[in-house]
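Inside the fold
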Amino acid sequence: MGSVFGRHSPGKLFGAQAVGWEQEMRKNSLKNTRINGEVQRALAEIIRGGIKDPRISPLTSVVSVEVSPDLKTCKAWMSVLGDEEAQKSTLEGLKSATGYIKNQLAKEVNLRNTPEITFIMDQSIAYGVNMTRLIDEVNRGTENENQR
């Protein structure tokens, strides 16, 4: 009979395999998922209301957050509605305000460690908007051909 863990059970992993398996399990744990959600909510509030830097676009969204299981690092995927210049200036503004954001995050979310935040531009929303525009153009083109 097979194990619920597939071919490898946790008792049969050795060395780096065991550490990787345990870390992957912790990374996707319910506790880590809740922490990610809380940090994402707090970051969105801090960026929306707490930062006065004019470089940061008001159309900035926190798309996703991934806090490491040891709570030392955090990757925050950001989306900015606007041109490439707005995205670059927002990322610069966020990077310069990292200390303030981390301080506010420590006040908002009660964690053992306040993670170091790395901001990453997420292009998925812009990609989706562009794909929708292209699909609309194709649909308009086929409608025009059908009317002829």
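Residues numbered from 1 in each chain as written. Predicted model: local features only at pLDDT ≥ 70, side-chain atom pairs only at ≥ 80, totals over all residues. Heavy atoms only, no water.

1. Thoughts on the pattern of salt bridges
Across all of its chains, the model carries 6 salt bridges by this definition. Its salt-bridge partner being Glu 45, residue Arg 41 comes within 2.9 Å of it at the nearest N-O pair. In this pair, Arg 41 and Glu 45 both sit in helix 2 (residues 30–50), 4 residues apart, roughly one turn of the helix. Overall, Glu 45 belongs to the partly exposed group, its relative accessible area being 35%. Here Arg 133 and Glu 137 are joined by a salt bridge, their closest N and O atoms 2.7 Å apart. Highlighted residues: Arg 133 and Glu 137, both in helix 5 (residues 124–147), separated by 4 residues, approximately one helical turn. (Salt bridge = Lys/Arg side-chain N within 4 Å of Asp/Glu carboxyl O. Helix = DSSP H or I, 4+ residues; strand = E, 2+ residues; numbered from the N terminus. Buried < 20%, exposed > 50% of the residue type's maximum accessible area, 1.4 Å probe, protein only.)

2. Examining the sheet that holds strand 1 (residues 60–67)
In space, the 3 strands of this open sheet follow the order 1-2-3, with mixed pairing throughout. Whereas interior strands pair on both sides, the edge strands pair on one side only; in this sheet they are strand 1 and strand 3 (116–121). Across this sheet, the average inter-strand angle for adjacent strands is 25°, counted without regard to direction. Here strand 1 runs beside strand 2 (residues 73–80); their pairing, made up of 7 bridges, is antiparallel. Residue pairing in the sheet places Val 65 in a bridge with Ala 76 of strand 2. (Pairing = 2+ DSSP bridges. Axes fitted to C-alpha atoms, helices over the stretch in contact; angles between N-to-C directions.)

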